[in-house]
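# Structure at a glance
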Amino acid sequence: MNIFISGGCKNGKSHHAQELARNMSREKSLPLYYLATMIPCDDEDRARIRRHLSEREGWGFETIEQGRDICRALDGYTLSGEKVSPKGVFLLDSVTALLSNEMFPPGGEVSSDAGDRLAAELSEFARRTGNTIFVSDYIYSDARIFDSYTENYRRALAHIDRTLAALCDQVIEVSFGFKYMYK
Amino acid sequence: MILIFGGAYQGKLEYALHNFQIKENDVFCCGESTEIDPSYSVIYGLENFIMGCVKEGKEAKEILAEYESLLKDKIVIMTDISQGIVPMDPAERSWREMAGRTMLYLGERAQTVIRVFCGLGQKIKG
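Remember, it's a predicted structure, so these values are computed and weren't measured experimentally. (Residues numbered from 1 in each chain as written. Chains lettered and ligands numbered in written order. Predicted model: local features only at pLDDT ≥ 70, side-chain atom pairs only at ≥ 80, totals over all residues. Heavy atoms only, no water.)

Our focus in this paragraph is the interface of chain B and chain A. Each side of the interface is counted separately: chain B has 26 residues, and chain A has 21 residues. Buried surface at the junction of chain B and chain A, both sides included, amounts to about 2000 Å², of which 59% is carbon and sulfur. Taken together, the links from chain B to chain A amount to three salt bridges. In this structure, Arg115(B) and Glu173(A) form a salt bridge, with 2.7 Å as the shortest nitrogen-oxygen distance. Where chain B touches chain A, the interface holds 16 residue pairs in polar contact (both at pLDDT 80 or more). Only helix H4 (90–109), strand S5 (112–117) and strand S6 (120–125) of chain B provide two or more residues apiece to the side of chain B that touches chain A. Tallied by class, residues from the side of chain B that touches chain A come to 11 nonpolar, 10 polar and five charged. (Contact = heavy atoms within 4.5 Å. Buried area = accessible area lost by both parts, 1.4 Å probe. Salt bridge = Lys/Arg side-chain N within 4 Å of Asp/Glu carboxyl O. Polar contact = N/O pair within 3.5 Å; in protein donor to acceptor, adjacent residues only side chain to side chain. Helix = DSSP H or I, 4+ residues; strand = E, 2+ residues; numbered from the N terminus. Nonpolar A, V, L, I, M, F, W, Y, C, P; charged D, E, K, R; others polar.)

Take the packing of aromatic side chains next. Residues and elements named next belong to chain A. What the rule picks out here adds up to 10 aromatic pairs over all chains. On the basis of an interplanar angle of 85° and a centroid distance of 5.9 Å, the ring pair of Tyr 34 and Phe 61 is categorised as edge-to-face. Of the two residues, Tyr 34 sits in strand S2 (residues 32–36) while Phe 61 sits in the loop between helix H2 (43–56) and strand S3 (62–65), which places them 27 residues apart along the sequence. Taking relative accessible area as the criterion, Tyr 34 reaches 6% and is therefore assigned buried. An angle of 75° between the planes, with centres 4.6 Å apart, marks the rings of Tyr 180 and Tyr 182 as edge-to-face. Judged by relative accessible area, which is 25%, Tyr 180 ranks as partly exposed. (Phe/Tyr/Trp six-rings, centres within 6.5 Å; stacked < 30°, edge-to-face > 60°. Buried < 20%, exposed > 50% of the residue type's maximum accessible area, 1.4 Å probe, protein only.)

What follows covers helix H4 (residues 114–129) of chain A. All names here are of chain A. Its 16 residues place the ends of H4 22 Å apart at the C-alpha level, agreeing with the 22 Å of an ideal helix rising 1.5 Å per residue. Along H4, the residues that are buried comprise Ala 114, Gly 115, Leu 118, Ala 119, Glu 121, Leu 122, Phe 125, Ala 126 and Thr 129. On the buried face of H4, the contacting elements are S2, strand S4 (89–93), helix H3 (95–103), strand S5 (132–135) and helix H5 (148–167). With its phi angle positive at about 75°, Gly 130 sits one or two positions after the end of H4. (Expected span 1.5 Å × (residues − 1).)

So this is what it looks like as structure tokens:
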């Protein structure tokens with residue numbers, strides 16, 4: 001079962017997603033993978049990654065580092081050197097980070113078709129695995145008129161979110177511990 | 001009145017067109033002005049109308065009250081701009097607050113209120 005989760009920042013999305021992923025892997029006796037999407041660029045990022053790693057300790061996740069070209073993770077290896085099985089359970093946290101990496105690659109060029117590309121890649125990822133939990137961020141209710149970079153990013157993320165919400169079997173909004181199931 | 005709201009780019013208009021069998025040429029798109037044309041079935045982008053009210057120093061719900069009987073059988077669509085950081089710009093701050101007051105006003109009068117999240121609707125009234 002593919003699941004899409006979104007909601008505001010620091011609302012408990014990741015924790016809920018981790019629980020769903022772990023339960024799914026136990027019920028189906030499938031390997032449990034965590035797709036680490038952040039590409040660290042400074043000490044703050046590295047500290048955040050260490051904190052995330054320690055938060056997941058004991059959950060049984062095998063970590064796969066994949067910040068771009070997400071479908072490549074299915075033919076790759078985990079951090080501990082094992083071959084990835086595409087039929088495992090995958091927790092992808094987060095769609096937001098992936099889009100940043102794809103849209104703003106190092107070197108300064110902005111990839112304007114990143115939203116369409118990533119929507120297609122993630123649809124393929126969902127189809128190939130069948131057991132992925134996607135986590136995104138609901139960043140659409142600001143009272144701001146943003147610059148065009150930010151506005152393009154928001155529009156692209158919304159396009160991906162809507163694509164995933166349409167194809168996933170379950171869609172959940174997490175709002176401060178309260179969960180609403182749209183599907 | 002049916003009120004449809006949700007964040008930016010969530011597919012609110014598509015949701016209305018699809019679920020209430022509305023034709024695209026039956027949609028009034030609000031600009032940043034105090035003008036509203038209630039001859040259309042759908043009043044879309046009410047947040048722009050509210051920005052128009054801010055710029056002209058008017059209160060949106062007072063103008064909407066003048067149209068109250070005409071808006072009874074309409075679908076009103078508005079972007080929820082209430083959940084971000086308080087803007088630095090005074091006009092954007094007023095916009096955000098007026099949008100909140102307008103949503104309360106409309107939510108009270110609407111028979112049906114639907115929130116659209118990533119293209120999916122959640123009926124929260126009616």
